[in-house]
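Close look at the chain arrangement
Chain by chain, the residues:
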Amino acid sequence: MTAFIRQEAMEKANEIHVKADEEFAIEKSKLVRQETAAIDSSYEKKFKQASMSQQITRSTVSNKTRLRVLSARQELLNRLFDEASKKIQKVSKDKAKYQTTLKNLILEGAYALSESKLQVKARKADYDVVKKAIDEAQSEYKSKVDKDVAITIDESDPLPEGSAGGVIVVGTGGRIDINNTFEERLRLLETDALPSIRVTLFGENQNRKFR
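The shown structure was predicted, so the numbers you read here are calculated from the model rather than taken from an experiment.

The subject of this paragraph is helix 3 (residues 127-145). Helical periodicity: at 3.6 residues per turn, an α-helix aligns residues three or four positions apart in one direction. Across its 19 residues, helix 3 extends 26 Å between first and last C-alpha, which sits within 8% of the 27 Å expected from 1.5 Å per residue. Along helix 3, the positions that sit buried rather than exposed are Tyr-127, Val-129, Val-130, Ala-133, Ile-134, Ala-137 and Tyr-141. Summarising the axial view, the buried residues of helix 3 lie within an arc of 140°, below the 170-degree limit, and thus occupy one face. The exposed residues of helix 3 that point more than 90 degrees off its buried face are Asp-128, Ser-139 and Ser-143.

Moving on: the packing of aromatic side chains. A complete count under the given rule lists 2 aromatic pairs for this structure. Note on Tyr-98 and Phe-182: the rings are 5.9 Å apart at their centroids and 65° apart in plane angle, and the pair reads as edge-to-face. Placement of Tyr-98 in helix 2 (residues 95-113) and of Phe-182 in helix 4 (residues 182-192) is noted, with a sequence separation of 84 residues between them. Across the pair, exposure class does not vary: Tyr-98 and Phe-182 are buried alike.

Turning our attention to the pairing of strand 2 (residues 150-153). Burial of the side chains of strand 2 is restricted to one face: Ile-151 and Ile-153 are buried, whereas none of Ala-150 and Thr-152 on the reverse face is. Judged from the 4 bridges that link them, strand 1 (residues 117-121) and strand 2 form a sheet pairing that is parallel. Bridged to Val-120 within strand 2 is Ile-153. Since strand 1 and strand 2 lie parallel, the crossover through helix 3 that links them has a hand, and here it is right-handed.

The next subject is the nonpolar core. Among the nonpolar cores identified, the biggest contains 31 residues, and Leu-102, Ile-106, Leu-118, Val-130, Ile-151 and Val-167 are the most heavily contacted of them. At the level of elements, helix 1 (2-88), helix 2, strand 1, helix 3, strand 2, strand 3 (166-171), helix 4 and helix 5 (194-202) are the ones that each hand at least two residues to this core. Those residues in contact with Ile-106 that sit more than four places away from it in its chain are Val-120, Ala-133, Ile-134, Ala-137, Ile-151, Val-167 and Val-169.

Attention now moves to unusual backbone geometry. The backbone phi angle of Ser-114 is positive, close to 50°, even though this residue is not glycine. With respect to the helices and strands, Ser-114 occurs in the loop between helix 2 and strand 1. One non-glycine residue with positive phi stands out, namely Thr-172, at about 50°. With respect to the element layout, Thr-172 can be found in the loop between strand 3 and strand 4 (176-181).

Our focus in this paragraph is the packing of helix 2 against helix 3. Between helix 2 and helix 3, the least distance of the axes is 8 Å, while the angle of their chain directions is 50°. Considered as vectors, helix 2 and helix 3 are oriented oblique to each other. Pair helix 2 / helix 3 crosses with right-handed handedness. On helix 3, the residues that touch Lys-95, Tyr-98, Gln-99, Leu-102, Lys-103, Ile-106, Leu-107, Ala-110 and Tyr-111 of helix 2 are Val-129, Val-130, Lys-132, Ala-133, Ile-134, Glu-136, Ala-137, Glu-140, Tyr-141, Lys-144 and Val-145.

Calculation criteria
Residues numbered from 1 in each chain as written. Predicted model: local features only at pLDDT ≥ 70, side-chain atom pairs only at ≥ 80, totals over all residues. Heavy atoms only, no water. Helix = DSSP H or I, 4+ residues; strand = E, 2+ residues; numbered from the N terminus. Expected span 1.5 Å × (residues − 1). Buried < 20%, exposed > 50% of the residue type's maximum accessible area, 1.4 Å probe, protein only. Arc of directions from axis to C-beta. Phe/Tyr/Trp six-rings, centres within 6.5 Å; stacked < 30°, edge-to-face > 60°. Pairing = 2+ DSSP bridges. Right-handed = clockwise from strand over helix to strand, strands pointing away. Core = buried A, V, L, I, M, F, W, Y, C linked by side-chain atoms within 4.5 Å. Contact = heavy atoms within 4.5 Å. Axes fitted to C-alpha atoms, helices over the stretch in contact; angles between N-to-C directions. Parallel < 35°, antiparallel > 145°, perpendicular 65-115°, else oblique. Left-handed = near helix turned anticlockwise from the far one by under 90°.

If you want it as structure tokens, here you go:
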């Protein structure tokens, strides 16, 4: 009887031991999965943070580089137009070329206004060469459009002597004028032709989507 009870107790103890081992294994596996998931989640979060930080750094460096390039390009363009501004001050020194230039500027205004009487504003120092340019412009205008145009110098309102030269062609009794002074032509060039100048100097912008 004692041996039977002892045997039954041992079997019961063995069952408890086996069950305890199974529960331990299950709990251990559960804890391992939880810790693994926590580690994976932490790693993924840190990886995303590192990736985002890397992207921000790359973007910041790229933007700073782009701004430095744009600044350098703008400085170059500014120097280019500064040099052009200095050079137009010397154009009027070659009287023959200057007279031809004035003739073309006067003709441009005459074609645009298409009136029979026009006035021209110029520097006082240029009056002699402007008169010759007017004679040439009137003859060429007649031959091109088969119409006469009377062009005179408006001596009551000359251009400033400090200007680079050129003319202002005035029509419609003074209500409409075409500013063909060198300064104005350079300003228009800087505004209108700047995109083309940028392409010539630096090439096409590869990031530009619309043209």
